[in-house]
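# Observations on the three-dimensional arrangement
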Amino acid sequence: MKVAIKTLGCKVNQCESDYLAALLKKENVALVDFDQEADCYIINSCAVTAMSEKKTRQWVSRALRKNQYSHVFLIGCYTRLPRQHIRLSHPRLHIIDAMDKNQAVLRQLRLAKAHSESSTIIPETKRARVWLKIEDGCDHFCRYCVVPHLRGSVRSEDPNRVIRQATLLENRGTQEIVLCGINLGMYGKETGKTHLIQLLEKLVKKTSVVRFRLSSIEPFLIDSEFLKRYFTLGHRVCPHFHIPLQSGCDQVLERMGRGYTTDMYHQLMTTIRQYDQRIAISTDIIVGFPGETDANFADTAQFFQDIGFSRAHIFIFSPRPFTPASQWEKSQGVPHFIKKERERILTEIIHQSQLKYYRSFIGKSLSVLVETQDNNRKVTGYSENYIPVKIESISPADYGHIIPVRIEEEHNNIIIFIRLGA
Ligand code: SF4
């Protein structure tokens, strides 16, 4: 049997697909690319924005058109939306609305043997940087976010299982592991046992080469104890935090139900930078939240500029089912053209801020994980502080390895050319 998997949305989804691929491979299923002929197409969907829903529907149609005999399995967050939202139906389409989506797929494919979630199974991926899911679910219920409704409460992976998987990955040659989850900072909080920082300490102790990165951590889940211990782990953890801001206006933050103020966020940045002045801080931000006035947005733009992020994902607010903000959108929605203009303004700010951050490393040494090769035969990778770099001459043996480099110049405003031999 030939199976192709398409993943939409966040890195947690990608991890889950990589894990599903490993389970299928163990059952001797042939995995093929999505553009190839397959008996079964699996679409691991997303529903975090209206755009993700649209993309999910497009990929379902595409898969159904590929082969008139193939079956299409739709799994993931989109399938967990209310039925009236899922405007899809076809005799060859199987919508699997299940929290344990991978197991549900295996059951559908009658692959009974693979049902056990062995800790010896590691994600199946060709990528040099491996994402390891250690947590699922969220109980925070920010007032715009549908995710807790789709993914349920916080569930943490057993720390021994995570350590075993990381060790196996290291033995396989992986040099960077990104720990990810839906609300990663909540890791271990529901069990009251191993918390995120303790897990990181154990991982660093039980492995010897691999460097660890955190995918994203909410500002209200980072405390001084966490930071003190994080920075004692040295080069084995990346000098990079992704800390969602969402808004730089206290009134909007309050209405979003985020649980912090701009003062608290600012204080957190100051504390982090006291440990490492050059650390990368990236973020997520939403424009056009219902009721966001011009003055509110001006506060956000100013705060966004003042912090000086190294990267940012800017999202245009879209109403999601189950959420209070979707009701507010009806009476207090910000017109789309204003949302677009606010997105443009923040994009310009982050562009400048990113450039300033990248340029501050010209002439300095960094460690880059060598990942891919582009059409110009230049190798691309990311440094420990998540600067994308291109390397002009390199041996194929360096793929997947972390190598020292010196930043030579910044080019095209974003990409930085570098030379080996720092
Ligand atoms: S912390 Fe807020 S934004 Fe993040 S998943 Fe939970 S509810 Fe959604």
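Scroll up a little and you will see the structure.
Residues numbered from 1 in each chain as written. Predicted model: local features only at pLDDT ≥ 70, side-chain atom pairs only at ≥ 80, totals over all residues. Heavy atoms only, no water.

### So, the site of the ligand
Condition: Here a residue is considered near a molecule or strand provided that any single heavy atom belonging to it is located within 4 Å of it. Gly falls in the polar group here, along with every residue not listed as nonpolar (Ala, Val, Leu, Ile, Met, Phe, Trp, Tyr, Cys, Pro) or charged (Asp, Glu, Lys, Arg).
In the vicinity of the ligand, the contacting residues are Cys138, His140, Phe141, Cys142, Tyr144, Cys145, Pro148, Ile182, Asn183, Glu218 and Arg258. By residue class, the composition of the shell around the ligand is seven nonpolar, two polar and two charged.

### Description of the state of the cysteines
We apply this condition: The disulfide criterion used throughout: a pair of cysteine sulfur atoms within 2.5 Å.
With the rule as written, the count across this model stands at zero disulfides. Between Cys180, a free cysteine, and Cys15, which holds the nearest cysteine sulfur, the sulfur-to-sulfur gap is 3.2 Å.

### Quick notes on the layout of surface pockets
The condition is simple: The method works on a 1 Å grid over the protein atoms by themselves. A cavity is a set of points holding a 1.4 Å probe that cannot get out, a pocket is an open set with protein on both sides within 12 Å along at least five of seven lines, and residues with an atom within 4 Å of a point line them. Grid points are joined across faces, edges and corners, and a volume is the space filled by probe spheres set on the points. In this description a helix means any DSSP run of H or I spanning at least four residues, a strand means any run of E spanning at least two, and both kinds are numbered starting from the N terminus.
Space inside the second largest pocket adds up to approximately 580 Å³. Every residue lining the second largest pocket is counted, 17 residues in all, and those nearest its centre are Ile5, Asp18, Asp33, Glu124 and Lys126. Elements represented by at least two residues in the lining of the second largest pocket include exactly strand S1 (2-7), helix H1 (11-26) and strand S2 (30-32). Considered class by class, the residues forming the lining of the second largest pocket number seven nonpolar, four polar and six charged.

### Details of empty space enclosed by the protein
The full count for this structure, using the stated rule, is one cavity of 30 Å³ or more. Space inside the largest cavity adds up to approximately 80 Å³. Taken together, Gly76, Cys77, Arg80, Ala98, Met99, Lys101, Asp136, Leu150, Arg151 and Arg155 make up the full set of residues lining the largest cavity. In the lining of the largest cavity, the residues fall into four nonpolar, one polar and five charged.

### Re helix H5 (residues 159-172)
Condition: Given the number of residues in a helix, its expected span is that number minus one, multiplied by 1.5 Å. When accessible area is computed with a 1.4 Å probe and restricted to protein chains, residues below 20% of their type maximum are described as buried, those above 50% as exposed, and intermediate ones as partly exposed. Should any heavy atoms of two residues lie within 4.5 Å, those residues are considered in contact.
With 14 residues, H5 extends 20 Å from end C-alpha to end C-alpha; this agrees with the ideal 20 Å at 1.5 Å per step. Along H5, the residues that are buried comprise Pro159, Arg161, Val162, Ile163, Gln165, Ala166, Leu169 and Glu170. Looking at the buried positions of H5, the neighbouring elements they touch are H1, strand S6 (129-133), strand S9 (176-180), helix H6 (196-206) and strand S10 (211-214). A positive phi of about 110° marks Gly173, the residue just after H5.

### A word on the packing of aromatic side chains
Inclusion rule: Working definition: rings of Phe, Tyr and Trp (its six-membered ring) pair if their centres are within 6.5 Å, and the pair is stacked with planes under 30 degrees apart, edge-to-face with planes over 60 apart, and tilted otherwise.
Enumeration over the complete set of coordinates arrives at 19 aromatic pairs. Relative to Trp328, the ring of Phe289 has its centre 6.1 Å away and its plane inclined at 80°; by these criteria the two rings are edge-to-face. Placement of Phe289 in the loop between strand S12 (280-287) and helix H10 (294-307) and of Trp328 in helix H11 (residues 324-332) is noted, with a sequence separation of 39 residues between them. Pairwise contacts between aromatic rings join Phe220, Tyr260, Tyr265, Phe303, Phe304 and Phe309 into one cluster.

### A few points about the environment of Val72
If you trace the backbone, Val72 turns up in strand S4 (residues 71-76). Setting aside its immediate chain neighbours within four residues, Val72 contacts Tyr41, Ile43, Ala63, Leu64, Arg92, Leu93 and His94.

### A closer look at the sheet that holds S4
Put simply, the test is: Two strands are said to pair when DSSP picks up at least two bridges between them. To obtain each axis, a line is fitted to C-alpha atoms, and for helices this fit is confined to the stretch in contact; angles are then taken between N-to-C directions over 0 to 180 degrees.
Ordered by their spatial adjacency, five strands build an open sheet running S2-S1-S3-S4-S5, and the pairing between neighbours is parallel. Of all the strands in the sheet, the pair left with one neighbour each is S2 and strand S5 (93-95). Taking each pair of neighbouring strands and ignoring which way they run, the sheet shows an average axis angle of 25°. Bridging between S1 and S2 involves three bridges; their strand directions are parallel. For Ala4, the partnering residue across the bridge sits in S2 and is Val32. Across the sheet, helix H2 (residues 50-66) touches S1, strand S3 (40-45), S4 and S5, and the angle it forms with S3 is around 180°.

### A short note on the nonpolar core
Using the following cut-off: The set of buried Ala, Val, Leu, Ile, Met, Phe, Trp, Tyr and Cys residues whose side-chain atoms join them within 4.5 Å is what this entry labels a nonpolar core.
Membership of the largest hydrophobic core comes to 52 residues, with the highest contact counts inside it found for Phe212, Phe226, Phe241 and Ile243. In terms of residue count, H6 provides more of this core than any other element does, six residues in total. In contact with Phe226, not counting residues within four places along its chain, are Leu196, Ile197, Leu214, Ile217 and Phe241. Membership of the second largest hydrophobic core comes to 23 residues, among which are Phe34, Ile43, Cys46 and Val146.

### Structural notes on the pairing of S6
S6 sits mainly inside the fold: five of its five residues count as buried. Burial along S6 is two-sided: the face carrying Arg129, Trp131 and Lys133 and the face carrying Val130 and Leu132 are both buried. With five bridges joining them, S6 and S9 adopt parallel strand pairing. Across the sheet, the residue bridging to Val130 is Ile177, located in S9.

### Concerning the environment of Phe141
Tracing the sequence through the fold places Phe141 in the loop between strand S7 (135-136) and helix H4 (147-151). Between the C-alpha atoms of Phe141 and Pro324, which are 183 residues apart in sequence, the distance is 9.9 Å. When near neighbours in sequence (up to four residues on either side) are disregarded, Phe141 contacts Pro148 and His149.

### Structural notes on the sheet that holds S6
One open sheet holds the three strands; their spatial order is S6-S9-S10, and the pairing between them is parallel. The sheet is open, and its two borders are formed by S6 and S10, each paired with just one other strand. Pairwise comparison of adjacent strand axes, ignoring direction, gives a mean angle of 30° for this sheet. Packing of H1 onto the sheet brings it into contact with S6 and S9, and relative to S6 it is tilted by some 95°. Along the sheet, H6 contacts S9 and S10; its crossing angle with S10, the most-contacted strand, is approximately 165°.

### As for the pattern of salt bridges
Operational definition: What makes a salt bridge here is a side-chain nitrogen of Lys or Arg within 4 Å of a carboxyl oxygen of Asp or Glu, nothing more.
Evaluation of the coordinates by the stated rule reveals 26 salt bridges. The salt bridge involving Arg57 is made with Glu53; its shortest N-O contact spans 3.6 Å. Of the two residues, Arg57 and Glu53 both sit in helix H2, four residues apart, roughly one turn of that helix. Residue Arg57 shares its accessibility class with Glu53, and that shared class is buried. We note a salt bridge from Glu329 to Lys339, for which the minimum N-O separation is 2.9 Å.

Bear in mind that shape data such as this cannot, by itself, settle questions of function.
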